[in-house]
Structures are given as C-alpha cells and as structure tokens.
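Each chain is listed here by its residues.
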Amino acid sequence: MLELRNVWKSYRVGTLGSKRLTAVRDVSIDIAPGEVLSVVGESGSGKTTIGKMVLQLTSVTRGSILLDGADVTARGHAARKAYYRRVQGVFQDPFSSYNPIFKADRIFEAVRESYFPAVKRAEWSARVDDVLQGVRLDPGSVLGKYPHQLSGGQLQRMLIARALLLDIQVLVADEIISMLDASTRIDVLNLLGELKERGLGVLFITHDLSLANYISERVVIMRHGAVVEAGATGKVFTDPRHPYSRNLLASVPQLHRKWSDSDAEPEALEPDGDRDVPPPPLTEVDEHHWVAGV
Ligand SMILES: Nc1ncnc2c1ncn2[C@@H]1O[C@H](COP(=O)(O)OP(=O)(O)OP(=O)(O)O)[C@@H](O)[C@H]1O
Ligand SMILES: [Mg+2]
C-alpha cells in the first residue's frame, strides 16, 4: 500500500528562485494492491507533480509518502534503490525514458546490473523474453533495436516490461495512453487491467475522463493543487458534488447521466485563492465519496 499523507509541494520560481509556487496542497491519497487510482483535473492542477514525488524525482516540501507503512521520503541512496524495486513510472513520452544512442533493450540490462548482478545472462534473457511476452511484444521484433526503430506503444510496453522484471508493487502511469493510436491504446489498457489482476497498484494520471472511468476503481479530482472530490469512480462520475467536478464532467456527456439532459451553464467556481493556506477539508458525503468544502 502506497500512501501520501498531507503532501505539499512548492517549487521555487522566478529569477534566482525568489518566489514559490505551491503546486500540490495537502494531498492525502492511497493506492492499494490490485487497484487503479486515477488522478484527473485541469492542466496545471498538480497531477504530474504528485507522480514525480511518488517516484522521488522531486522532493516533498511537506507531508510524507509511505510504502507499506514506512516513510520513503528523504532517505539515502540504498533505500531509494530498494524503493525503485517496488515503485516505477511510465510517462507520456516514452522516448524520453530511452537514450537514443543505445539500443532500447539496454533498459533491461541496466535492471540486471543494478538489481540482479548474480543472475546469469542466459537466465536473464529468458526472463526478459517472458516479460516481453507478458506485455504482448514479440522479443524477436523489439530486441536489438534502437528507440527510433520502435513505436511509441512498443516503447511504453517495454517500460512496463522493465517494471515487471522488478516485480514492482506500484506503477505510476502519467498520460501514458494519450499519444497512442486507438488499437495500441486498447492493448496498453488491457495490459494495465492484467497488471491490476496480478496485484499491482496503479496511479493513473490522465486528462481523459472516459479513460479514468473505464480503468479505475477510485478517482481523485484535482484543482489548483488540491483534491476537490474523491471516491469510488462510479459515485464520483455519476453523482459529482463539487461544482468543479460537475463542470469537468459536463464535457463528457455520456458519463454524465444526471446533467446530460439539462443545458446547464457552467457553474461559478471559487477563484484560485491563497495557495499557502490548507484547502477546504474533504467531507464524506456518501459511502466512498468525499467532497471538499461542503
Ligand atoms: N519544475 C517546476 N518548476 C516550477 N514550477 C513547476 C515545475 N513543474 C511544474 N510546475 C508548476 O506546478 C504546477 C503543477 O504542474 P503539474 O505539471 O504538476 O500539472 P499537471 O496537472 O500535471 O498539468 P498537465 O495536465 O498540463 O500535465 C503548474 O503551475 C506548473 O507550472
Ligand atoms: Mg502533467
């Protein structure tokens, strides 16, 4: 179980980092084994920042991140390496995860060197073949190729295969479906479904509300760095209570049964206030359904 407890993130911005921008405000979420938690919300709402903090690519300003109860923030190199055996990420642009001058399968060799140096090459290549087949890639057609010789979907699936070699518990997937064509999207989506069945927890960051609805058990809606609504996907998407959630979901009529038959004007929203004060607390309005500021 991965938990974020009251996590805040401020970036230094402006010349010489003289100003601070609070990108994530008092976010508490958890991801259990075998579930997909979607994080949705407008551009700039802090979704990627959450993913980066979980992956320890950026520091946590305040609050803590725990894996199976142990705080994982601000620890040394060995602890971080152990953490990456359990938690890995796949990003929107898979090319950025590869070094173009090396063959793409070097990512697998790097895992062996770092984590399984005692495993013999023949045994390792059998494991690589296995995980590639697990993500429905033909080893013969992807091994030995450079990143530019592979498609975005193939590169993403290879990153997921790398995660499988490590036998991870949590996968952070940030906009991973967005750049894929329709048929590859289905493949990657089905793959995520299989990972879920194997007991993996997935933090699924997306702009795409229909995708979030399709794939996730639970959803978190973010605005201005804070959670405005959260809970079971079915409840949040069919009965959104926060005006921001209602506006967001009104743009996806088929998901939005209650509002689809009204020509509701967008609702007035609170402006972005002081980001350094805690956001309104979440209240449980129904079982497995929380809303901020009610
Ligand atoms: N490295 C950084 N330095 C300074 N500010 C940053 C940095 N990264 C992100 N921000 C700011 O933090 C806020 C949240 O950004 P973030 O990338 O987390 O949003 P997002 O929800 O992922 O948006 P999108 O949907 O466009 O991907 C934005 O205002 C952004 O400009
Ligand atoms: Mg983002």
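Please refer to the structure higher up on the page.
Residues numbered from 1 in each chain as written. Chains lettered and ligands numbered in written order. Predicted model: local features only at pLDDT ≥ 70, side-chain atom pairs only at ≥ 80, totals over all residues. Heavy atoms only, no water.

Participant: Pulling in residues and values, what's your account of the pattern of salt bridges?
Facilitator: Overall, the coordinates contain 12 salt bridges when judged by the stated rule. Between R5 and E3 there is a salt bridge; the shortest N-O distance is 3.4 Å. In this structure R5 comes out as partly exposed when scored by relative accessible area, which is 41%. Note that R241 is salt-bridged to D239, the shortest N-O span being 3.0 Å. (Salt bridge = Lys/Arg side-chain N within 4 Å of Asp/Glu carboxyl O. Buried < 20%, exposed > 50% of the residue type's maximum accessible area, 1.4 Å probe, protein only.)

Participant: Account for the nonpolar core, with residues named and values stated.
Facilitator: I65, M158, L203 and F204 are the most contacted members of the largest nonpolar core, which totals 71 residues. Contact partners of I65, with chain neighbours within four places excluded, come to L2, E3, L4, V7, M53, V54, V60, A70, D71, V72, T73 and Y83. (Core = buried A, V, L, I, M, F, W, Y, C linked by side-chain atoms within 4.5 Å. Contact = heavy atoms within 4.5 Å.)

Participant: Account for helix α6 (residues 152–165), with residues named and values stated.
Facilitator: In a regular helix each residue adds 1.5 Å, so 14 residues correspond to 20 Å; α6 covers 20 Å between its end C-alpha atoms and thus fits that length. In terms of burial, α6 is a largely internal element, 13 of the 14 residues being buried. (Helix = DSSP H or I, 4+ residues; strand = E, 2+ residues; numbered from the N terminus. Expected span 1.5 Å × (residues − 1).)

Participant: Talk me through the environment of Q154; I want residue IDs and the actual numbers.
Facilitator: Here Q154 lies in helix α6. In contact with Q154, other than residues within four places in its own chain, are L137 and V142. A distance of 2.9 Å separates a polar side-chain atom of Q154 from the backbone nitrogen of S151. (Polar contact = N/O pair within 3.5 Å; in protein donor to acceptor, adjacent residues only side chain to side chain.)

Participant: Give a description of the pairing of strand β10 (residues 226–232) that names residues and reports values.
Facilitator: Each regular strand shows side chains that alternate between the opposite faces of the sheet. In terms of burial, β10 is a largely internal element, 6 of the 7 residues being buried. Note that strand β9 (residues 218–223) and β10 share 6 bridges and pair antiparallel. Along β10, the bridge assignment pairs I221 with E229. If you look at the hairpin formed by β9 and β10, you'll find 2 residues sitting between the two strands, and H224 has a positive phi there, around 50 degrees. (Pairing = 2+ DSSP bridges.)

Participant: Before we move on, could you go through the site of ligand 1 and cite the residues and values that matter?
Facilitator: By nearness alone, 13 residues border ligand 1, and S43, G44, K47, T48 and T49 come closest of all. At 2.8 Å, a backbone N or O of G44 approaches an oxygen atom of ligand 1. Contacts to ligand 1 include T48, whose side-chain N or O atom sits 2.8 Å from an oxygen atom. In isolation ligand 1 exposes 640 Å². Once the protein is present, 65% of that is buried. When contributions to the shell around ligand 1 are tallied by element, the ones reaching two or more residues are β1 (2–13), β2 (19–31) and α1 (47–54). At 3 residues, the largest contribution of residues to the shell around ligand 1 is made by α1. Its residues assigned to classes, the shell around ligand 1 comprises 4 nonpolar, 7 polar and 2 charged. (Near = heavy atom within 4 Å. Areas by Shrake-Rupley, 256 points an atom, 1.4 Å probe, with all protein chains shown as cover. Nonpolar A, V, L, I, M, F, W, Y, C, P; charged D, E, K, R; others polar.)

Participant: Please provide a residue-by-residue account of the packing of α6 against helix α7 (residues 182–197), values included.
Facilitator: The interhelical angle for the contact between α6 and α7, taken along N-to-C directions, is 10 degrees, at an axis separation of 10 Å. Here α7 runs roughly parallel to α6, going by the angle between their axes. Along its contact with α6, which presents G153, Q156, R157, I160 and L164, the element α7 presents T184, D187, V188, L191 and L195. Residues belonging to the contact of α6 with α7 are distributed by class as follows: 5 nonpolar, 3 polar and 2 charged. (Axes fitted to C-alpha atoms, helices over the stretch in contact; angles between N-to-C directions. Parallel < 35°, antiparallel > 145°, perpendicular 65-115°, else oblique.)

Participant: Now, about unusual backbone geometry: what can you tell me, with residues and values included?
Facilitator: A positive phi angle is found at D68, which is not glycine, with a value near 45 degrees. Note that D68 resides in the loop between β4 (62–67) and β5 (70–71). Look at H288: it is not a glycine, yet its phi comes out positive at around 55 degrees. Note that H288 resides in the loop between β11 (282–286) and β12 (289–292). Relative accessible area serves as the criterion here: at 44%, H288 is assigned to the partly exposed category.

Participant: Explain the sheet that holds β4 to me, using residue names and the numbers behind them.
Facilitator: Think of a sheet as strands paired side by side through backbone hydrogen bonds, with each pair either parallel or antiparallel. With antiparallel pairing, 4 strands are arranged side by side in an open sheet as β2-β1-β4-β5. Strand pairing shows two members of the sheet lacking a second neighbour, β2 and β5, which therefore form its edges. Bridge count between β4 and β5: 2 bridges; the pairing is antiparallel. Across the sheet, the residue bridging to L66 is D71, located in β5. Relative to the sheet, α1 contacts β1, β2 and β4, its axis offset from that of β1 by approximately 115 degrees.

Participant: Provide a residue-level description of the side chain of E3, including the pertinent values.
Facilitator: By the element assignment, E3 lies in strand β1. Within polar-contact distance, the side chain of E3 engages the side chain of R5 at 3.4 Å.

Participant: Describe the pairing of β4, and please don't skip the residues or the numbers.
Facilitator: Pairing of β1 with β4, which is carried by 5 bridges, proceeds in the antiparallel orientation. Its bridge partner being in β4, E3 is matched across the sheet by L66.

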